[in-house]
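# Observations on the model geometry
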Amino acid sequence: MATTFSASVSMQATSMATPTRISFQKPALVRTNLSFNLRRSIPTRLSVSCAAKPETVEKVSKIVKKQLSLKDDQKVVAETKFADLGADSLDTVEIVMGLEEEFDIEMAEEKAQKITTVEEAAELIEELVQSKK
């Protein structure tokens, strides 16, 4: 007699303090039910961090503010997109030139054209500074 099995998995995390329950059930012909609780909490929110150093991100933010003539109180963080600040392609070229001057580096044109955020600029700068050593 051949036996076939099917399984269903259901997971639900309602809060950090509630353990997650996972159940596996076989068809009704075989009366086995496997169930266990995970005692470890599963985070409901993920955190993304920038690979570049905070000081590099801060310098890049200041240069972006200067090149775009932004007010000092305007928030520019790692995730900020140049386009969201009103920068066009010419502004982006000027930002790249300012970054090259400040960090004493040269960015390849194809890499410079791909930069759209402060974070991407900071990560590329650190990569170039590191390869320069």
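Further up the page is the structure itself.
All of the points below concern the structure found in this document. (Residues numbered from 1 in each chain as written. Predicted model: local features only at pLDDT ≥ 70, side-chain atom pairs only at ≥ 80, totals over all residues. Heavy atoms only, no water.)

### Looking at the side chain of Thr80
Its location among the elements puts Thr80 in the loop between α1 (54-67) and α2 (89-103). Residue class for Thr80 comes out buried when judged on its relative accessible area of 12%. Separated by 2.8 Å, the side chain of Thr80 and the backbone nitrogen of Val77 make a polar contact. Once residues within four sequence positions are removed from consideration, Thr80 is found in contact with Lys75, Leu85, Thr116, Thr117 and Val118. (Helix = DSSP H or I, 4+ residues; strand = E, 2+ residues; numbered from the N terminus. Buried < 20%, exposed > 50% of the residue type's maximum accessible area, 1.4 Å probe, protein only. Polar contact = N/O pair within 3.5 Å; in protein donor to acceptor, adjacent residues only side chain to side chain. Contact = heavy atoms within 4.5 Å.)

### Quick look at the pattern of salt bridges
Between side chains of opposite charge, pairing is possible as soon as their charged atoms come close. A full pass over the atoms with the stated rule returns 2 salt bridges. Residue Lys62 is joined to Glu58 by a salt bridge in which the shortest nitrogen-to-oxygen separation is 3.6 Å. In this pair, Lys62 and Glu58 both sit in helix α1, 4 residues apart, roughly one turn of the helix. The class of Lys62 is exposed, set by a relative accessible area of 54%. Residue Glu58 is classed as partly exposed on the basis of its relative accessible area, which comes to 47%. Measuring nitrogen to oxygen at the nearest pair gives 3.0 Å for the salt bridge that ties Glu127 to Lys111. (Salt bridge = Lys/Arg side-chain N within 4 Å of Asp/Glu carboxyl O.)

### Brief notes about the nonpolar core
A general feature of soluble globular proteins is that nonpolar side chains tend to end up buried together. Of all hydrophobic cores here, the largest spans 26 residues; its most connected members are Val60, Val64, Phe82, Leu99 and Met107. Mapped onto this core, the elements with two or more residues apiece are α1, α2 and α4 (118-132). With 6 residues, α4 is the largest single contributor of residues to this core. Once you skip the residues sitting within four places of it in the chain, Leu99 turns out to touch Val60, Ile63, Ile105, Met107, Ala121 and Ile125. (Core = buried A, V, L, I, M, F, W, Y, C linked by side-chain atoms within 4.5 Å.)

### Points about α1
Look at α1: 20 Å from first C-alpha to last across 14 residues, which is about the 20 Å you get at 1.5 Å a residue. Among all positions in α1, only Thr56, Val57, Val60, Ser61, Ile63, Val64 and Lys65 are buried. Against α2 and α4 lie the buried residues of α1. (Expected span 1.5 Å × (residues − 1).)

### Examining the environment of Glu127
Looking at where Glu127 falls in the secondary structure, it is placed in helix α4. Of the residues examined, Glu127 reaches a relative accessible area of 43% and is grouped as partly exposed. Here the alpha-carbon distance between Glu127 and Ala52, two residues 75 residues apart in the chain, equals 9.0 Å.

### Overview of the side chain of Thr56
Within the secondary structure, Thr56 is located in helix α1. A relative accessible area of 10% places Thr56 in the buried class. Beyond its immediate sequence surroundings of up to four residues, Thr56 is in contact with Phe103, Ala122, Ile125 and Glu126.

### Focus on the environment of Val64
Residue placement: Val64 occurs in helix α1. Given a relative accessible area of 0%, Val64 falls into the buried group. Sequence spacing of Val64 and Leu85 is 21 residues, and the spatial spacing of their C-alpha atoms is 9.3 Å. Not counting the four nearest positions on each side in its chain, Val64 is found in contact with Phe82, Leu85, Ile95 and Val118.

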